[in-house]
Amino acid sequence: MTKNIRYYSTNHNSELVSFKEALIRGQAPDKGLYMPDTIPEISSDIITSMKDMPYHEIAFTVTNEFLREEIAEDELRRITKEVYDYDVPLEHVSGKKYVMRLDQGPTASFKDFAARMMAKLMHYYTKDENKKLTILTATSGDTGSAVANAFYDLDDIRMVVLFPYKEVSERQRKQMTTLGGNITAVAVDGKFDDCQAMVKQAFSDPELEPLNLSSANSINFGRLLPQTVYYFYAYSKLREKENEKVIFSVPSGNFGDLMGGLISKKMGVPVYKFIAATNENDEFPRFLKSGKYVPLKPSKDCISNAMNVGHPSNLARLIDLYGGQMDEKGKINKMPDIDAIRKDIFSISISDEEARATIKDAYNKYGMILEPHGAVGWAGLENFLAQTKNPTLSVSLETAHPAKFPEELEKILNIKPELPRSMKDLENKEETFEEISADYKKLKEFLTSLDNR
Ligand SMILES: *Cc1c(COP(=O)(O)O)cnc(C)c1O
């Protein structure tokens, strides 16, 4: 491979850019999402050899296929080693069924995998340029804490995270407000939508240009790329024979996790089927059934709250991968090959009631503790396996730590899952944050005063 991979916009109205550019910009100027113009392949021999590699080495091997023309090998090795310093348990459930726990990172959700890598990659590019970057992000909970943790302590980057004061849990708030240093948390007296609107306005405000604002949201290709890695990891560790196929069940909201899986399949992981399991926000399973895409507005509030999405932001990428075109509003201008999508993906919506029953059932049957997001994935897998004659190696993704949902688990199972160490420490830490009203002028005042603090 000598060809440089370039990144185009799914709206096809922006120039091709390098990985660096796609990473710093986040979104393409025409409001599309960046996609690689080539998806590199990894040979089955290399996939076989991953069986003996630690996670961080698999991460290096996979991401280097995209980055080798842009980042020096030893730097990428250093970054992956630093970022992936925690376990990725593959828990055997029964027969050929497994659960992959992506919840051992510092904020105990799978978002750590992507956020940490993206932050280090951004830092790699800014540290030599003597340029201070300001990451401005709005969050409804999990993303903000993962991203804040990921950018913590990186010099030349500061981060401002806006959250709706009354809509985040105490634990989520503490994950953002106890870091300090280069992380500034801002509590907004309003809703998540207000925070997001204020952030959007800041990005289009020319007077804030000196701040070098950058976003760190889920549409950044730098966040997608690390989400291809654990599919290679699970497959190479669990397969018993050459070319055995695998089923992955992915609890999905904005479909970034699933996109990582679809790319890993193009790269060479022999996936028999992806299960795209959603909660009651069922616009995607309905789309696969009917061929008509209708976003859900407003989205439904379900117990798997990180998946309460009525129009998944990564859908434009998925449609693009199958030859179609969807604009930023969710309008499909060119139909993708929907039969090919149906062949690769089985999609199902799981109600809150079913998710709760699944948590109970999995515990009684297998002694396995799932939280609401992982339960949606597991229910999706069980549902698919019940209707296929082709049971094969199956891996369901558990995307958050059960201890993040103490009320729900106590109600359903009458147990209190133990907090991971990173979260135990939170209780005694001191919080600092700013409070502002949901008024763009206030945010602007605050941002322009940052340098004088
Ligand atoms: C964000 C999130 C999801 C959904 O992932 P997407 O990439 O948005 O589909 C699932 N579970 C948890 C715990 C999450 O935080």
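Residues numbered from 1 in each chain as written. Predicted model: local features only at pLDDT ≥ 70, side-chain atom pairs only at ≥ 80, totals over all residues. Heavy atoms only, no water.

Participant: I keep staring at the pairing of strand β3 (residues 90–94) and nothing clicks. Help me out?
Facilitator: The side chains of a regular strand alternate between both faces of the sheet. Of the pairings in the sheet, the one linking β3 to strand β4 (residues 97–101) comprises 4 bridges and is antiparallel in character. The residue bridging H92 from the neighbouring strand is Y98, located in β4. Once β3 ends, the chain turns through 2 residues before running back antiparallel as β4, passing G95 with a positive phi of about 50 degrees. (Pairing = 2+ DSSP bridges. Helix = DSSP H or I, 4+ residues; strand = E, 2+ residues; numbered from the N terminus.)

Participant: Explain the sheet that holds strand β7 (residues 183–189) to me, please; I cannot follow it from the model alone.
Facilitator: For sheets, the rule is that strands pair by backbone hydrogen bonds, running either parallel or antiparallel. Judged by pairing direction, the sheet is parallel, and its 5 strands sit side by side in the order β8-β5-β6-β7-β15 without closing on themselves. Here the strands that pair on one side only, and so sit at the sheet edges, are β8 (213–214) and β15 (434–437). Taken together, the 6 bridges between strand β5 (residues 133–138) and strand β6 (residues 157–164) define a ladder with parallel strand orientation. The residue bridging L133 from the neighbouring strand is I157, located in β6.

Participant: What am I meant to see in the layout of surface pockets here?
Facilitator: Looking at the second largest pocket, its volume works out to about 270 Å³. Surrounding the second largest pocket, D85, Y86, Q104, G105, P106, R116, P420, R421, S422 and D425 form its lining. Per-class residue counts for the lining of the second largest pocket are 3 nonpolar, 3 polar and 4 charged. (1 Å grid on protein atoms, 1.4 Å probe; cavity = no way out; pocket = protein on both sides within 12 Å on 5 of 7 lines; lining within 4 Å. Points joined across faces, edges and corners; volume = space filled by probe spheres on them. Nonpolar A, V, L, I, M, F, W, Y, C, P; charged D, E, K, R; others polar.)

Participant: Even after reading the chapter, I still don't get the site of the ligand, so can you show me in this structure?
Facilitator: Neighbouring the ligand are 15 residues; K111, G253, N254, D257 and T399 lie closest to it. In this structure, an oxygen atom belonging to the ligand sits 2.5 Å away from a side-chain N or O atom of K111. The residue makeup of the shell around the ligand, split by class, is 6 nonpolar, 6 polar and 3 charged. (Near = heavy atom within 4 Å. Polar contact = N/O pair within 3.5 Å; in protein donor to acceptor, adjacent residues only side chain to side chain.)

Participant: In this structure, what is going on with the packing of helix α15 (residues 352–366) against helix α17 (residues 406–413)? I would like to understand it.
Facilitator: Across the interface, α15 lies against α17 with an axial gap of 10 Å and an inter-helix angle of 65 degrees. When the axes of α15 and α17 are compared, the crossing they make is right-handed. Residues R356, I359, K360 and Y363 of α15 lie in contact with α17, whose contacting residues are E408, L409, I412 and L413. Its residues placed into classes, the contact of α15 with α17 shows 5 nonpolar, no polar and 3 charged. (Axes fitted to C-alpha atoms, helices over the stretch in contact; angles between N-to-C directions. Left-handed = near helix turned anticlockwise from the far one by under 90°. Contact = heavy atoms within 4.5 Å.)

Participant: Just checking my understanding: could you explain the packing of aromatic side chains for this structure?
Facilitator: Geometry of an aromatic ring pair is reported as the spacing of the ring centres plus the angle between the planes. For the structure shown, the criterion picks out 23 aromatic pairs. A centroid spacing of 6.0 Å and a plane angle of 55 degrees characterise the contact between F66 and F221, whose relative ring orientation is tilted. Separated by 155 residues along the polypeptide, F66 in helix α3 (residues 55–67) and F221 in helix α9 (residues 221–224) bring together distant segments of the chain. Judged on exposure class, the residue F66 and its partner F221 are both buried. One aromatic cluster is present, built from ring pairs that chain together Y55, Y84, Y86, F113, Y230, Y231, Y233, F248 and F274. (Phe/Tyr/Trp six-rings, centres within 6.5 Å; stacked < 30°, edge-to-face > 60°. Buried < 20%, exposed > 50% of the residue type's maximum accessible area, 1.4 Å probe, protein only.)

Participant: Is there a simple way to explain helix α16 (residues 372–386) in this structure?
Facilitator: For an α-helix, 3.6 residues make a turn, and residues three or four places apart therefore share a direction. The terminal C-alpha atoms of α16, which comprises 15 residues, lie 21 Å apart, in line with the 21 Å expected from a rise of 1.5 Å per residue. The buried fraction of α16 amounts to 12 of the 15 residues, a majority that puts the element mostly inside the structure. Among the residues making up α16, those that are buried are P372, H373, G374, A375, V376, G377, W378, A379, G380, L381, F384 and L385. (Expected span 1.5 Å × (residues − 1).)

Participant: How should I be thinking about the environment of E207 in this particular structure?
Facilitator: By secondary structure assignment, the location of E207 is in the loop between α8 (192–203) and β8. Classification of E207 by relative accessible area gives exposed; the value is 58%. As for E207 and L409, which are separated by 202 residues in sequence, their C-alpha atoms are 48 Å apart. One polar contact links E207 to K444, side chain to side chain, over a distance of 3.0 Å.

Participant: Please clarify how the packing of helix α5 (residues 111–126) against helix α6 (residues 142–151) should be interpreted in this entry.
Facilitator: Two numbers describe a pair of packed helices, the interaxial angle and the distance between the axes. Put simply, α5 and α6 touch, their axes get as near as 8 Å, and they point 40 degrees apart. Taken together, the axes of α5 and α6 are oblique relative to one another. Considering the relative orientation of α5 and α6, their crossing is right-handed. Residues K111, D112, A115, R116, M118, A119 and M122 of α5 form the contact with α6, whose own contacting residues are T143, A146, V147, A150 and F151. Taken together, the residues of the contact of α5 with α6 sort by class into 8 nonpolar, 1 polar and 3 charged. (Parallel < 35°, antiparallel > 145°, perpendicular 65-115°, else oblique.)

Participant: What am I meant to see in the side chain of N279 here?
Facilitator: Turning to its location among the elements, N279 is positioned in the loop between β10 (271–278) and α12 (283–290). Classification of N279 as buried rests on a relative accessible area of 0%. At a separation of 3.0 Å, a polar atom in the side chain of N279 contacts the side chain of S304. Those residues in contact with N279 that sit more than four places away from it in its chain are C302, S304, M307, N308, S349, I350 and V376.

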